[in-house]
2 protein chains.
Amino acid sequence: MITIKDIAARLQVSPSTVGRALADDSRISASMKQRVLEVAGEMGYVANRAARMMRGVSSNLVGLVVPDIRNSFFSTMAHALSKCLEQEGYQLTLSETDDDRQTELRQIRELTSANVAGIIIVPSAKPHAETVRLLGMTPHIQLLRKHAALGEQWFGIDDYQAVYQPTRHLVELGHRRIAYIGSLGELPTGGARVKGFRDALALAGGDGQGMEQLGAPGSREFARDALRGLLAQPQPPTALVTGSVLHTFAVLEELWSSGVDVPGQLSVAGFGDELAFRWWGPGLTTVALPVSELATACGLWFVHRMKQKSANSAPYSSITPPTLIVRGSTRPVGPAAA
Amino acid sequence: MITIKDIAARLQVSPSTVGRALADDSRISASMKQRVLEVAGEMGYVANRAARMMRGVSSNLVGLVVPDIRNSFFSTMAHALSKCLEQEGYQLTLSETDDDRQTELRQIRELTSANVAGIIIVPSAKPHAETVRLLGMTPHIQLLRKHAALGEQWFGIDDYQAVYQPTRHLVELGHRRIAYIGSLGELPTGGARVKGFRDALALAGGDGQGMEQLGAPGSREFARDALRGLLAQPQPPTALVTGSVLHTFAVLEELWSSGVDVPGQLSVAGFGDELAFRWWGPGLTTVALPVSELATACGLWFVHRMKQKSANSAPYSSITPPTLIVRGSTRPVGPAAA
DNA sequence: GTGAAAGCGCTAACAA
DNA sequence: TTGTTAGCGCTTTCAC
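Under an unreviewed UniProt entry, chain A has the name LacI family DNA-binding transcriptional regulator and belongs to Duganella radicis.

(A) Structural context of the overall build of chain A. A tally of helices and strands in chain A yields twelve helices and twelve strands. Taken against the 2.2 N^0.38 rule, which gives 20 Å for 338 residues, the C-alpha radius of gyration of chain A at 26 Å runs more than 25% over that of a compact globule. Along the three orthogonal principal directions, the C-alpha set of chain A runs to about 95 × 40 × 30 Å. Considering only contacts within chain A whose residues lie at least 6 apart along the sequence, 70% involve residues at least 24 apart. Accessible surface, chain A as shown: approximately 13,800 Å² in total, 52% of it carbon and sulfur. A distance of 6 Å separates the average location of the 33 positive side-chain charges in chain A from that of its 31 negative side-chain charges.

(B) Geometry of the protein's contact with DNA strand C. Taken together, 21 residues lie near DNA strand C, and Thr17, Arg20 and Arg55 of chain A together with Tyr45 and Arg52 of chain B sit nearest. Counting only the atoms of DNA strand C that lie within 4 Å of the protein, the sugar and phosphate share comes to 56%. A distance of 3.3 Å is found between a base nitrogen of DNA strand C and a side-chain nitrogen or oxygen belonging to serine 16 of chain A. The backbone of serine 29 of chain A places a nitrogen or oxygen atom 3.3 Å from a phosphate oxygen of DNA strand C. Contributing elements (two or more residues each) for the surface near DNA strand C: helix 2 (15–22) of chain A together with helix 2 (15–22) and helix 4 (49–54) of chain B. The biggest single contributor to the surface near DNA strand C is helix 2 of chain A, with three residues. Split by residue class, the surface near DNA strand C holds eight nonpolar, seven polar and six charged.

(C) Focus on the protein's contact with DNA strand D. Taken together, 21 residues surround DNA strand D, and among them Tyr45 and Arg52 of chain A together with Ser16, Thr17 and Arg55 of chain B come closest. Here a phosphate oxygen of DNA strand D sits 3.1 Å away from a polar atom, N or O, in the main chain of serine 29 of chain B. For the surface near DNA strand D, the secondary structure elements donating two or more residues are helix 2 and helix 4 (49–54) of chain A together with helix 2 of chain B. Top element by residues in the surface near DNA strand D is helix 2 of chain B. It accounts for three residues. Residues of the surface near DNA strand D, tallied by class, amount to eight nonpolar, seven polar and six charged.

(D) Expanded view of the packing of aromatic side chains. Going through the model one piece at a time under the given rule, you end up with 14 aromatic pairs over all chains. Ring plane angle 25 degrees and centroid distance 5.1 Å describe the contact between tyrosine 180 of chain A and phenylalanine 197 of chain A, whose orientation is recorded as stacked. Of the two residues, tyrosine 180 of chain A is situated in strand 6 (residues 177–183) and phenylalanine 197 of chain A in helix 9 (residues 188–202); the sequence distance between them amounts to 17 residues. Across the pair, phenylalanine 197 of chain A and tyrosine 180 of chain A agree in class, each one buried. Seen in terms of ring centroids, phenylalanine 73 of chain B and phenylalanine 74 of chain B are 6.5 Å apart; in terms of plane orientation they differ by 85 degrees. Their pairing is edge-to-face.

(E) A look at the pairing of strand 1 (residues 61–66) of chain B. All names here are of chain B. In terms of burial, strand 1 is largely enclosed, as six of its six residues are buried. On strand 1, burial covers both faces: Leu61, Gly63 and Val65 on one face and Val62, Leu64 and Val66 on the other are all buried. Here strand 1 runs beside strand 2 (residues 91–96); their pairing, made up of six bridges, is parallel. If you follow valine 65 over to strand 2, its bridge partner there is serine 95. Note on the crossover from strand 1 through helix 5 (residues 72–86) to strand 2: the handedness is right-handed.

(F) Region of the structure containing the interface of chain B and chain A. Across the boundary between the two partners, chain B contributes 46 residues, which contact 43 residues of chain A. Together, the buried faces of chain B and chain A total about 4,200 Å²; carbon and sulfur atoms form 59% of this surface. Between arginine 278 of chain B and glutamate 253 of chain A there is a salt bridge, and its shortest N-O distance comes to 3.2 Å. Of all elements in the fold, only helix 4, helix 5, strand 2, helix 6 (101–113) and helix 11 (245–258) of chain B reach the threshold of two or more residues within the side of chain B that touches chain A. Tallying contributions element by element places helix 5 of chain B first for the side of chain B that touches chain A, with seven residues. In this structure, strand 2 (residues 91–96) of chain A lies alongside strand 2 of chain B, joined through three bridges in antiparallel fashion. Note that in strand 2 of chain B the partner of leucine 94 of chain A across the bridge is leucine 92 of chain B.

(G) Focus on the UniProt feature "domain: HTH lacI-type" (unreviewed entry) in chain A. The feature "domain: HTH lacI-type" (unreviewed entry), as given by UniProt, occupies residues 2–56 of chain A in the numbering adopted here. Structurally, residues 2–56 of chain A is divided into 65% helix and 0% strand, and its ends, taken at the C-alpha atoms, are 21 Å apart.

(H) Quick look at the pattern of salt bridges. Under the definition given, this model contains 40 salt bridges over all chains. When the shortest N-O distance is used, the salt bridge between glutamate 110 of chain A and arginine 49 of chain B registers 3.1 Å. With glutamate 110 of chain A in helix 6 (residues 101–113) and arginine 49 of chain B in helix 4, this pair bridges two chains. On the basis of relative accessible area, glutamate 110 of chain A is assigned to the buried category, the value being 18%. You can call arginine 49 of chain B buried: its relative accessible area is 16%. Across the pair glutamate 253 of chain A and arginine 224 of chain A runs a salt bridge, and its minimum N-O distance is 3.3 Å.

(I) Fine view of the sheet that holds strand 12 (residues 323–325) of chain B. All names here are of chain B. Read across the open sheet, the six strands follow the order 7-6-8-9-10-12; overall the sheet is mixed. Edge positions in the open sheet fall to strand 7 (209–215) and strand 12, since each of these has one partner strand only. Within this sheet the neighbouring strands show an average axis-to-axis angle of 15 degrees, counted without direction. Each of strand 6 (177–183), strand 7 and strand 8 (239–242) is contacted by helix 10 (residues 220–231), which is oriented at about 165 degrees to strand 6, the strand it contacts most.

Thresholds applied
- Residues numbered from 1 in each chain as written.
- Chains lettered and ligands numbered in written order.
- Predicted model: local features only at pLDDT ≥ 70, side-chain atom pairs only at ≥ 80, totals over all residues.
- Heavy atoms only, no water.
- Helix = DSSP H or I, 4+ residues; strand = E, 2+ residues; numbered from the N terminus.
- Rg over C-alpha atoms; globule rule 2.2 N^0.38 Å.
- Contact = heavy atoms within 4.5 Å.
- Areas by Shrake-Rupley, 256 points an atom, 1.4 Å probe, with all protein chains shown as cover.
- Lys, Arg positive; Asp, Glu negative; His and termini not counted.
- Charge placed at Lys NZ, Arg CZ, Asp CG, Glu CD.
- Near = heavy atom within 4 Å.
- Polar contact = N/O pair within 3.5 Å; in protein donor to acceptor, adjacent residues only side chain to side chain.
- Nonpolar A, V, L, I, M, F, W, Y, C, P; charged D, E, K, R; others polar.
- Phe/Tyr/Trp six-rings, centres within 6.5 Å; stacked < 30°, edge-to-face > 60°.
- Buried < 20%, exposed > 50% of the residue type's maximum accessible area, 1.4 Å probe, protein only.
- Pairing = 2+ DSSP bridges.
- Right-handed = clockwise from strand over helix to strand, strands pointing away.
- Buried area = accessible area lost by both parts, 1.4 Å probe.
- Salt bridge = Lys/Arg side-chain N within 4 Å of Asp/Glu carboxyl O.
- UniProt positions renumbered as here; feature names shortened; annotations may be inferred.
- Axes fitted to C-alpha atoms, helices over the stretch in contact; angles between N-to-C directions.

As structure tokens, then:
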């Protein structure tokens, strides 16, 4: 392994001169820089990252912290970010939290100890105080979900609209008993989505009857059980809105396997725009969310922020709006169901 | 940032004692280890990787190199590996190649210069010579795809069976004009799959007529075009087998949007076991591949290999068999199509 | 402009 | 069983 000492010896100068020349320090003469660069190239010098990092310089690692990479939301983001950061010489590391605050803390600890240049995180519902502290010491950006405690740089979708739009669509179709299966309100996104649901339902006036089923964001089981419970009621809902991709998948699976007639018996509006939603039953009415674009914007911003060395954590939020896609799974409330 | 010195000071012992206790050195008394661990946890101590690496210990980074993380095959693997490696204190880094050998080389360069502990790679069709050389210097395991040049440690599925089984299934249903849409033979997996197709088709004797359409593994466009071409023929196939997840998705999409009658007009057998395959049209007959299990096995093996410090690159291959799942998209060849 | 020297946090030889 | 000490390769004062 060639070190700056080797180069220094070869050039009969001190190691610090070489180090400075390599760092393009303004105090070093152009000719010296020239010679150093030449010899370095010739000897096949490669900077020792570990040593550099020990001196406080952060690595080229960027930590991506998500609940579960198998969720297409997050793998799409990972892809977009990877593309974006790679161009600038950053390496993406992957950490999964399972939406568990302890796991999240462990991961953040790992990342900070690895001296990452920054962290892009989809935070859990209630990050640990220690997590907050550690993130405070590292440049970081929140993705999708936002916690005030974790700073003011955030890239997300308009969660409110993402549920408001499909719900309003159903209300306009005449539905009054509308169910919502989604994430708990303790998640900031969960809260906004529930609010979107309620506000849209309020458009129906006094007739509107919301049936909310809120559970863990990653739990398919919860969604299936919630759906069964709803359908078993004496006055089951005539329409259903889901508030997360995983819940949508679970609901589609359950509806499919239990043979519920959609939209005859139940109108359904999903969340996210998976390819398969198109061919599910009559085609699923759903909200498309520009996840890839969002992640790219986040990556660009991150790079931009890293370039200006000064600790920049100026508040910045980007909210991307969703798009309602109407397919066959929603239709006007029928006389039978009315 | 808490260092071993802080712990040492708190415990009134020397830093080396703490270091040794943390490293579970046999010379340290159990009670001391106990106390150190306790205080370390309490103070939120996190080892400084950079410092450790400088002492020659390789990093705790493991590079995962895949074509595209959005492919559920690969995100499933990333998840399983992450879980597996995290327990042993490893951090997974993500690199995408787009199945391009130049990109692959760049990524491998990055990883080796970052001193990764090892690399788990789904190699591209024809890795660059430099890639081969660099991988030779780093512990690595091939996943899914296998190149002789990249060593003898490999975890994969039985590609041959994965296509042989569905094809035989179709032959047994009486189909004779069977098409195959899959990856090019230049990929080792692609070759085995094509062979599986041909061998199964041979069971039909002289009547069997294979129609092979081979293209880039990641190209949806190719698969759609290939399907259109097949259906436009004067004597279109009565059955279709796909040889990769992405091609399967593309085919399902195309069949769905062009309104082809499955299985009336065409029997279809897919590749992989996506949740959505169940509810596509009449339910897709497909081969389930134990991707998660495969990745876990690979992760365990990696950890095992790392533990025994000696450079161990003894050949090891693990081949996991697929399972055919018969649903509604395949049926005996009808009189109209015969 | 350049050199000398002091560490960064950790591990590992050498002492005790 | 534990303490002392010397670096790993680099950056960064402080001298000159």
